[in-house]
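Chains, contacts and geometry: an overview
If you want the building blocks of each chain, they are given just below.
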Amino acid sequence: ELSAAVKKYLRAKPQRMVKSPLLDDGQLVLDSKTKDSLSHFIVRLAYCRSTDLRSWLLTQEVALFAWRFQHSLLSSEQAEFVRSCGDLG
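Residues numbered from 1 in each chain as written. Predicted model: local features only at pLDDT ≥ 70, side-chain atom pairs only at ≥ 80, totals over all residues. Heavy atoms only, no water.

1. Comments concerning the overall build of the protein chain
The helix and strand inventory of the protein chain stands at four helices and zero strands. If you list the helices and strands of the protein chain from N to C, you get α-α-α-α. Burial status across the protein chain gives 10% buried among its 89 residues. For the protein chain, contacts bridging at least 24 residues in sequence account for 8% of all contacts bridging at least 6. When the accessible surface of the protein chain is summed, it comes to about 7700 Å², and 59% of that surface belongs to carbon and sulfur atoms. (Helix = DSSP H or I, 4+ residues; strand = E, 2+ residues; numbered from the N terminus. Buried < 20%, exposed > 50% of the residue type's maximum accessible area, 1.4 Å probe, protein only. Contact = heavy atoms within 4.5 Å. Areas by Shrake-Rupley, 256 points an atom, 1.4 Å probe, with all protein chains shown as cover.)

This is the structure in structure tokens:
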């Protein structure tokens, strides 16, 4: 079961978390950013089986990034992000 595998991983790597995501009763509690990251990698695993699936997923990820970039950031934040990407290479 995926939930059990995630719990086992989080118990084995507690130093990676600022706060333990497990309550005393073993219930998994994650913030939305962590949930988003976990779901992203689970989807990547599911879509890595073929070139067509990887290509489709990449197209969807680019579309999602573009939408979030245009709708979730102020123009000053967009400009700062573009400037910071220029420093990468």
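That shown, we press on.
2. Some thoughts on the packing of helix H2 (residues 32-46) against helix H3 (residues 51-72)
Contact geometry of H2 with H3 gives a least axis separation of 9 Å together with a crossing angle of 150 degrees. What the angle tells us is that H2 and H3 run roughly antiparallel. In this structure, H2 uses Asp36, His40, Val43, Arg44 and Ala46 to contact H3, whose residues at the interface are Leu53, Leu57, Glu61 and Arg68. Considered class by class, the residues forming the contact of H2 with H3 number four nonpolar, one polar and four charged. (Axes fitted to C-alpha atoms, helices over the stretch in contact; angles between N-to-C directions. Parallel < 35°, antiparallel > 145°, perpendicular 65-115°, else oblique. Nonpolar A, V, L, I, M, F, W, Y, C, P; charged D, E, K, R; others polar.)

3. Brief notes about the packing of aromatic side chains
The geometry of an aromatic ring pair is captured by the separation of the ring centres together with the interplanar angle, meaning the angle of the planes. Going through the model one piece at a time under the given rule, you end up with four aromatic pairs. Judged by centre distance (5.9 Å) and plane angle (50 degrees), the rings of Phe65 and Phe81 are tilted. Here Phe81 lies in helix H4 (residues 75-86) and Phe65 lies in helix H3, a separation of 16 residues in the sequence. On the accessibility criterion, Phe81 (34% relative accessible area) is partly exposed. Clustering of aromatic rings is evident, with ring pairs tying together Phe65, Phe69 and Phe81. (Phe/Tyr/Trp six-rings, centres within 6.5 Å; stacked < 30°, edge-to-face > 60°.)

4. A short note on the confidence of the model for the protein chain
Mean pLDDT over the protein chain: 77, with 65% of residues reaching 70 or higher. Across the protein chain, element-level confidence peaks in H3 with a mean pLDDT of 90 and bottoms out in helix H1 (residues 2-12) with 66. (pLDDT = per-residue confidence, 0-100.)

5. Some words on the pattern of salt bridges
By the definition in use, this model includes one salt bridge. In this structure, the salt-bridge partner of Glu80 is Arg83, at a minimum N-O distance of 3.2 Å. On the criterion of helical spacing, the pair formed by Glu80 and Arg83 is a turn pair, its members being three residues apart in helix H4. Look at Arg83 and you get exposed, because its relative accessible area is 52%. (Salt bridge = Lys/Arg side-chain N within 4 Å of Asp/Glu carboxyl O.)

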